[in-house]
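# Analysis of the macromolecular model
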Amino acid sequence: MFFSVSDEVQHKEGGPTMIVTGYASGMVECRWYDGYSVRREAFKEDELSAWSSTRQLAS
């Protein structure tokens, strides 16, 4: 799946909703707020799934 900058994503194993901020070295760069500070990390594209507000409402 291809993500664009500013897309909301989530790790397939769960975790916070993140914003895609770019691509580097074949990895998807993401940022999110953990309640204390802005965190950032890069993930392989196949580790992420698109996040939608309907998924949150169904939970």
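Since this is a predicted model, take the numbers as computed values, not measurements. Note that residues are indexed from 1 along each chain, following the sequence as it is written. Whole-chain, interface and lining totals are the exception, using all residues; otherwise, since this is a predicted model, local features are given only for residues with pLDDT of at least 70 and side-chain atom pairs are given and counted only at 80 or more. Excluded from the side-chain calculation are hydrogens and water; included are all heavy atoms of the structure.

## Structural notes on the packing of aromatic side chains
Test applied: For Phe, Tyr and Trp, rings pair up if their centres lie within 6.5 Å, where Trp contributes its six-membered ring, and each pair is then called stacked (planes under 30 degrees apart), edge-to-face (over 60) or tilted (otherwise). In DSSP terms, a helix is any run of H or I states spanning at least four residues, a strand is any run of E spanning at least two, and both are numbered starting from the N terminus. Three exposure classes are used, based on accessible area relative to the maximum for each residue type with a 1.4 Å probe and protein chains only: buried under 20%, partly exposed in between, and exposed over 50%.
Inspection of the entire model under this criterion finds one aromatic pair. Taking the centre distance of 5.7 Å and the plane angle of 5° together, the rings of F2 and Y23 count as stacked. Of this pair, F2 sits in the segment before β1 (8-11) while Y23 sits in strand β2 (residues 18-24), placing them 21 residues apart in sequence. On the basis of relative accessibility, which here comes to 35%, the residue Y23 falls in the partly exposed class.

## Re the pairing of β2
Stated precisely, the cut-off is as follows: Any two strands with at least two DSSP bridges between them are considered paired.
Inspection of the sheet shows β1 paired to β2 by two bridges, in the antiparallel sense. The residue bridging E8 from the neighbouring strand is I19, located in β2. Counting the residues in the hairpin turn of β1 and β2 gives six residues, including G14, whose phi is positive at 105°. Relative to strand β3 (residues 27-33), β2 runs antiparallel, the two sharing five bridges. By the bridge assignment for β3, V20 is matched with C30. In this antiparallel pair of consecutive strands, β2 and β3, the connection spans two residues, and S25 shows a positive phi of 50°.

Distances and angles like these do not, on their own, reveal function.
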